Amino acid sequence: MPRYYRYLEELRAEGVDRISSGDLSRLMNVTASQIRQDLNNFGGFGQQGYGYNVDYLHDEIAKILGLTRVHPVILIGVGNLGQAISNYVHFSRLSFEIAGLFDINEKLKGREVAGTKIRTYDELPDFLKSHEVDIAALTIPKVHAQDVADDVIKNGVHAIWNFTHVDLVVPDDVVVENVHLSDSLMQLSYNLTEREAETSSDEE
């Protein structure tokens, strides 16, 4: 669904009103039957002979993804990766809002990143008590990951965006999205190796 949403955003920006499953399949490099199957899981949305209304499908997928309301996010660990994420320009367009930045390094206190001041980690409990926060993003050394996760969960956060390369142990009512950058690179390396092997085989 996030991928469909992204492509529909681009189609809207280009002024496209409707699109067939065939045209969408060529754009996304997936089969038209796969698109119909995916969307039918949520009710279909298309009309035979017409295709999909881009605006309508975009808005329906936004509802499915929970993007019809703003999700306040705090980010813990404002190093290079944390700053890069904080500066991501499409957060607000996707209904995510950086509500607070926290770091254990007191020298960073008061500095601004993307218009938000950095607070020290010991300010976190009081901040969570006075602010509604949906998501905590962890861009910290993995040795601290579980303790920090426990802290934010204890203070009412129920979703964690985890960049720490640690499999967090959390209660059943807490959702975790793990982002393993190294896994993506290894998958890319595997795909490249497979492609080179196929090319070499064709040349023999």
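Our subject is the structure listed above.
Let us look at the structure shown here.

Conventions we followed
Residues numbered from 1 in each chain as written. Predicted model: local features only at pLDDT ≥ 70, side-chain atom pairs only at ≥ 80, totals over all residues. Heavy atoms only, no water. Axes fitted to C-alpha atoms, helices over the stretch in contact; angles between N-to-C directions. Helix = DSSP H or I, 4+ residues; strand = E, 2+ residues; numbered from the N terminus. Parallel < 35°, antiparallel > 145°, perpendicular 65-115°, else oblique. Contact = heavy atoms within 4.5 Å. Nonpolar A, V, L, I, M, F, W, Y, C, P; charged D, E, K, R; others polar. Buried < 20%, exposed > 50% of the residue type's maximum accessible area, 1.4 Å probe, protein only. Arc of directions from axis to C-beta. Phe/Tyr/Trp six-rings, centres within 6.5 Å; stacked < 30°, edge-to-face > 60°. Core = buried A, V, L, I, M, F, W, Y, C linked by side-chain atoms within 4.5 Å. Pairing = 2+ DSSP bridges.

This part is about the packing of helix 2 (residues 21-28) against helix 3 (residues 32-40). Look at helix 2 against helix 3: their axes get within 8 Å of each other, and the N-to-C directions meet at 105°. The orientation of helix 2 relative to helix 3 falls into the category roughly perpendicular. Between helix 2 and helix 3, the contacting residues are S21, G22, L24 and S25 on the first element and A32, I35 and R36 on the second. Looking at side-chain class alone, the contact of helix 2 with helix 3 contains three nonpolar, three polar and one charged residues.

This brings us to helix 7 (residues 145-154). All of the buried residues along helix 7 are A145, V148, A149, V152 and I153. Down the axis, helix 7 shows its buried residues gathered within 135° of arc, on one side only. The exposed residues of helix 7 that point more than 90 degrees off its buried face are D147 and K154. The secondary structure elements touched by the buried residues of helix 7 are strand 3 (71-76), helix 6 (124-130), strand 7 (135-138) and strand 8 (159-162). Following helix 7 by one or two positions, G156 adopts a phi angle in the positive range, close to 100°.

Counted by the stated rule, this structure contains two aromatic pairs. With a centroid separation of 5.2 Å and 75° between ring planes, the pair formed by F102 and F127 is classed as edge-to-face. Highlighted residues: F102 in strand 4 (residues 96-103) and F127 in helix 6, separated in sequence by 25 residues. One exposure class covers both F102 and F127, and it is buried. A centroid spacing of 4.8 Å and a plane angle of 65° characterise the contact between W161 and F163, whose relative ring orientation is edge-to-face. Residue W161 is classed as partly exposed on the basis of its relative accessible area, which comes to 26%. You can call F163 buried: its relative accessible area is 12%.

Of all hydrophobic cores here, the largest spans 20 residues; its most connected members are I74, I76, L138, V152 and I160. Broken down by secondary-structure element, the contributors of at least two residues to this core are strand 3, helix 6, strand 7 and helix 7. If you tally residues by element for this core, the top one is helix 7, at five residues. Counting 18 residues, the second-largest nonpolar core is a separate cluster that includes M1, L39, V54 and A62.

Now for the sheet that holds strand 5 (residues 112-113). Pairing in this open sheet of seven strands is mixed, and the strands run 5-6-4-3-7-8-9 from one edge to the other. Each edge of the open sheet carries a strand with a single partner, namely strand 5 and strand 9 (175-178). Two strands pair when backbone bridges link them, and strand 7 and strand 8 are joined in this way by three bridges, in the parallel orientation. Bridge pairing links A136 to I160 in strand 8. The strands that helix 7 touches are strand 3, strand 7 and strand 8; relative to strand 7, the one it contacts most, it runs at about 165°.

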